[in-house]
Amino acid sequence: MASRLSTVFLTAWTVLADAEELRGLAEAGGRPLANLVVALEALDQSGRAKAPPQSAAMLLDQKSREFVPHVLAVRSGTPVFFPNSDAIKHHVYSFSTAKRFEIKLYSGVPPEPVLFDKPGIVALGCNIHDWMLGYIYVSDADYLGVSDNEGRWSVVVPSGRYRLTFWHPYAAAQPAEQVVTVPTGELRVTLELKAQFQTGKPPASLQIQGYGDGF
Amino acid sequence: MFAFIVSTLSSAQATARRRQPIGTFGHRPIPACRYLSAVLLIGSALLIQAKPSLSDEGQFPEFTWHGLLDLRYQHSDAAPGQLEQGLGKLREGGARDRWQINEAASTLQVRLDWDWMATATLKYADLQSAPVDLTEAFLAYRPVGSAGWRLAGRLGLFFPPISLENVGTAWSSPYTLSSSTINAWVGEELRAFGGELRLDYQTEAGDRVGLFGAALANNDTAGLMLAWRGWTLHDFESTLNGRLRLPEGIGIPTLFPEQANASQTFVEVDRRPGFYAGIAAERPQRYTLRAMYYDNNADPSGLSAGQYSWHTRFWSVGSKAELPWETTLISQAMIGRTSMGDLNGDLRAVDVGFWSASWLISRPLGEGRFSVRYERFGSDERDYLPQDRNGEHGQAWTVNYNLTFAQRHQLNFEFSSIYSVRPARLERGESAYQEEMLWQVGYRLFF
């Protein structure tokens, strides 16, 4: 019993001793920017991600009928679930070359996950709700983070050198990549957004939601 | 699906011969329209029945309701309008105030399966010829498609894709209460009874480019109001059994004694189907472009039960652009011709060229939305009846400010001003030149 406890303790200690939290803040136009993808590629062998990708989930928010999160970042080979737990049906599809698929989401029926095995950007739509738009960023990077509504992101990685690349769906120009040595202080990334873009949110007025002529 | 189009067209054709002359307002709907709507309903029902696998999946059909209630205060200072059988540019003219339930409409959408949906809109409008009637009823097919290609179709009764402003519940506009002259005419006299197909290519960035086309029937009187009454500014959409009063005092009964005293908007007179075809392109949140050609292919010498067929054809182009400072610019233009009557030499009894163009600028302002529209319109004629004067020209301004609360309550303040010259007014003892104004306060509830 005692030896098993110490093994657990030692394992935990090893992980903690080697792990560093890299944190950053994303901004656009002086305001916090959500949905900025940060991809870390380890430049040292010791920093490479060893664990296989875990499954992830893209939720379909039933109340506001939008993809949550708006941007999901996953490593290549990740199975992604699209759980639909409410009464509304969704018909999710993508025409993107990185992954072409369609999945019919009945309410209360758990669907099979979709495997995202090629790196690239997958734009998601819904054939029933035209305004719905979401992105899955599929990457061969070792670690991935996405900024939250406060513009904050963090990734726990082994210390060492990393190449950071950034992507935002509405960036006028994507931020330049950076090479950092972890541990390091908080990173600030600022970028400019396009003047106009779809948000993936439903129209603000019911007047616009109630008419569909297919055009 | 194709068989259904054919059966719809041919049934309308078969009944055209048996139609009774229509009398004054208040008469019952003519059998042709009733028959057609019955065919549409039965056809839809059969299509639903033909898909028994739906019930196995347990969650179809799925029903959705939308609708609107539109209460209006109007103050007009105008010549007699269409309802007063005048040549004014409003639906209701005169110098007066009125309160009214302008419109109440409800749209039922029934999702039959993942790719098929049935949509029907029932509408009440102030002084509508049938108090509650259908404005649209169609079956839409829209599968996801593959590798960016999408095929979609509609079958039934629907608006041709001309307006870029009427994108809201029951064909309402989020920008103004009164539709532009082009869209007011589309609402009044144009509807496709038939089938439409559309093929689109969508890029990874979401841009779309596509072709569309439709075969249609029951639109043979389209063009009559443009010729005899001219362009107008209003937001009344005709319905399945719609009838429009003709202008008085300009000699129509004398020159055309066979013409009934009201125009039936959606009838088949000559048993010849028409068509439209066009292209569409869209970059989401940046611009939309549409261009199409419409030809109802009517026989200009057709006459049945008091309704002449008017050979109406036109080009329609429209663009919607999102500009800096959240400003939206919607431009539409239309140019075409409508001809009616037997040939006399190389001229017909009525042969009117018509055109109109509008520019609408809209942007959020304060808590609401501010929109301004300017338009110019006109028509000229080249026919053998100089005493039937159908030429005109004019321009109009519309300014609207609306506030939307809690997604569903919308308060509108609108002013329209129309300047027009129409020589036919002289025969009514009016001045050919008229300046007309309309002030409106509208409350609209969307659900």
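Predicted model only: the values in this text are computed from it and were never measured.

**A word on the confidence of the model for chain B**
Residue and element names in this part refer to chain B. Taken residue by residue, chain B gives an average pLDDT of 88. The fraction at 70 or more is 87%. Note that residues 1-34 has pLDDT below 50 and, in this model, 72 contacts with residues that lie over four places away or in other chains. Scored below 50 in pLDDT, residues 48-56 shows six contacts in the model against residues more than four places distant or in partner chains.

**Considerations on the sheet that holds strand β4 (residues 56-57) of chain A**
Residues and elements named next belong to chain A. Within the open sheet, the three strands sit side by side as β4-β8-β11. Their pairing is mixed. Each of the sheet's edge strands pairs with one partner strand only, and the pair in question is β4 and β11 (114-116). In the sheet, strand β8 (residues 78-81) pairs with β11 via three bridges, with the strands oriented antiparallel. Paired with valine 80 across the two strands is valine 114, which belongs to β11.

**Digging into the pattern of salt bridges**
Residue and element names in this part refer to chain B. Considering all chains together, one arrives at 28 salt bridges over all chains under this definition. Among the salt bridges present, the one from aspartate 235 reaches arginine 72, with a minimum N-O distance of 2.7 Å. Linking aspartate 235 in the loop between α5 (224-228) and β8 (243-245) with arginine 72 in strand β1 (residues 62-78), this pair joins segments that are 163 residues apart in sequence. Exposure class is identical for aspartate 235 and arginine 72. Each is buried. Among the ionic pairs, glutamate 165 bridges to arginine 373, the shortest N-O distance being 2.8 Å. One end of the pair, glutamate 165, is in the loop between β5 (149-158) and α4 (181-189); the other, arginine 373, is in strand β17 (residues 368-381), and 208 residues separate them in sequence. When sorted by exposure, glutamate 165 lands in the same class as arginine 373, which is buried. Taken together, the shared-partner salt bridges connect Glu84, Glu92, Arg96 and Arg98 into one network.

**Some thoughts on a nonpolar patch on the surface**
Residue and element names in this part refer to chain B. Together, Trp149, Leu151, Leu197, Leu199, Tyr201 and Val209 make up a nonpolar patch on the protein surface, roughly 550 Å² of accessible area in all. Elements with a minimum of two residues in the nonpolar patch: β5 and β6 (192-202). Here the nonpolar patch takes three residues from β6, the largest share from any one element. Mapped onto the elements of the fold, leucine 151 is located in strand β5.

**So, the interface of chain B and chain A**
Between chain B and chain A, the contact holds 52 residues from the first and 35 residues from the second. Its largest share of buried area at the contact with chain A, chain B owes to B:Trp114, B:Val144 and B:Glu204, together 22% of the area lost on that side. Counting the contacts that link chain B with chain A gives two salt bridges. One salt bridge connects B:Arg142 with A:Asp130, and the closest N-O pair in it is separated by 2.8 Å. Taken together, chain B and chain A are joined by 16 residue pairs in polar contact (both at pLDDT 80 or more). Breaking the side of chain B that touches chain A down by element, the ones donating at least two residues are β1, β2 (94-111), β4 (132-141), β5, β6, β7 (208-217), β14 (311-323) and β20 (433-446) of chain B. With three residues, the top contributor of residues to the side of chain B that touches chain A is β6(B). Taken together, the residues that form the side of chain B that touches chain A break down as 19 nonpolar, 16 polar and 17 charged.

**Some details on the sheet that holds strand β10 (residues 101-105) of chain A**
All names here are of chain A. Spatially, the five strands line up as an open sheet ordered β7-β13-β12-β9-β10, and their pairing is mixed. With one partner strand each, in any of the chains shown, β7 (71-75) and β10 form the two edges of the open sheet. On average, adjacent strands in this sheet sit at an angle of 20° to one another, irrespective of strand direction. Bridging between strand β9 (residues 90-94) and β10 involves five bridges; their strand directions are antiparallel. When the bridges of β10 are listed, tyrosine 93 appears paired with glutamate 102.

**Some thoughts on the side chain of B:Arg198**
Residue placement: B:Arg198 occurs in strand β6. At 2.6 Å, the side chain of B:Arg198 forms a polar contact with the side chain of B:Asp200.

**Quick look at the pairing of strand β13 (residues 133-139) of chain A**
All names here are of chain A. Of all seven residues in β13, seven are buried, a share of seventy percent or more. Both faces of β13 are covered, namely the face carrying Leu133, Tyr135, Tyr137 and Ser139 and the face carrying Gly134, Ile136 and Val138. Of the strand pairs in this sheet, β7 and β13 are connected by five bridges, and their pairing is parallel. Each residue of the ladder has a partner; that of valine 74, found in β13, is valine 138. When strand β12 (residues 120-126) meets β13, the two strands line up antiparallel, connected through six bridges. Bridged to glycine 125 within β13 is leucine 133. The loop that links β12 with its antiparallel partner β13 comprises six residues.

**Examining the environment of B:Thr265**
Residues and elements named next belong to chain B. Residue placement: threonine 265 occurs in the loop between β9 (262-264) and β10 (274-283). Classification of threonine 265 as buried rests on a relative accessible area of 0%. Counting along the chain gives 76 residues from threonine 265 to glutamate 189, while the straight-line C-alpha distance between them is 5.6 Å. If near-sequence neighbours (up to four positions away) are discounted, threonine 265 is found in contact with Glu188, Glu189, Asn218, Asn219, Thr221, Ser238, Thr239, Gly242, Arg243 and Leu244.

**Quick word on the side chain of A:Lys99**
Residue placement: A:Lys99 occurs in the loop between β9 and β10. Those residues within four positions of A:Lys99 in sequence are excluded, and the remaining contacts are A:Ser94, A:Val114, A:Leu115, A:Phe116, A:Asp117 and A:Val122.

**A short note on the nonpolar core**
Core analysis: the biggest nonpolar cluster contains 32 residues, and B:Tyr276 and B:Met334 have the highest contact counts within it. Those elements that place two or more of their residues in this core are β4, α4, β7, β10 and β11 (287-295) of chain B. Setting aside residues no more than four positions away along its own chain, B:Met334 makes contact with B:Ile162, B:Ile182, B:Trp185, B:Val186, B:Trp231, B:Phe314, B:Trp315, B:Ser316, B:Phe354, B:Trp355 and B:Ser356. Counting residues in each nonpolar core, the second largest holds 26 residues, with A:Val92, A:Ala98, A:Ile103 and A:Val138 among its members.

Thresholds applied
- Counting starts from 1 at the beginning of each chain's written sequence and moves along it residue by residue.
- As a convention, the first chain written is A and the first ligand written is 1, with the rest following in written order.
- Per-residue local features are limited, in this predicted model, to residues with pLDDT of at least 70; the limit for side-chain atom pairs, both in listing and counting, is 80 or more; totals at the level of whole chains, interfaces and linings are taken over all residues.
- No hydrogens and no water enter the side-chain calculation; it runs on all heavy atoms of the structure.
- Per-residue confidence from the prediction method is given by pLDDT, with values spanning 0 to 100.
- Here a residue-residue contact requires only that any non-hydrogen atoms of the pair lie within 4.5 Å.
- At least two bridges found by DSSP between two strands is the condition for calling them paired.
- Strands here are runs of E lasting at least two residues and helices are runs of H or I lasting at least four, both read from the DSSP assignment and numbered beginning at the N terminus.
- What counts as a salt bridge is simple: a side-chain nitrogen of Lys or Arg found within 4 Å of a carboxyl oxygen of Asp or Glu.
- Any residue under 20% of the maximum accessible area for its type is buried, any over 50% is exposed, and the rest in between are partly exposed; the area is computed with a 1.4 Å probe on protein chains only.
- Think of a patch as exposed residues, more than 30% relative accessible area, with no salt bridge, where like charges cluster within 9 Å and nonpolar side chains (Val, Leu, Ile, Met, Phe, Trp, Tyr) cluster within 5 Å.
- Throughout, the Shrake-Rupley method with a 1.4 Å probe supplies accessible areas, and for residues the shown protein chains are the sole cover considered.
- Here the quantity called buried area is the accessible surface, traced with a 1.4 Å probe, that two parts lose on coming together, added over both.
- Side-chain atoms alone can form a polar contact between residues adjacent in sequence; in general such a contact is a pair of N or O atoms within 3.5 Å, and within protein one must be able to donate a hydrogen while the other accepts it.
- Classes in brief: Ala, Val, Leu, Ile, Met, Phe, Trp, Tyr, Cys and Pro nonpolar; Asp, Glu, Lys and Arg charged; the others, Gly included, polar.
- Whenever a helix is involved, its axis is fitted only over the stretch in contact; in every case the axis is a line through C-alpha atoms, and angles between N-to-C directions fall within 0 to 180 degrees.
- As used here, the term nonpolar core means buried Ala, Val, Leu, Ile, Met, Phe, Trp, Tyr and Cys residues forming a set that is joined through side-chain atoms within 4.5 Å.

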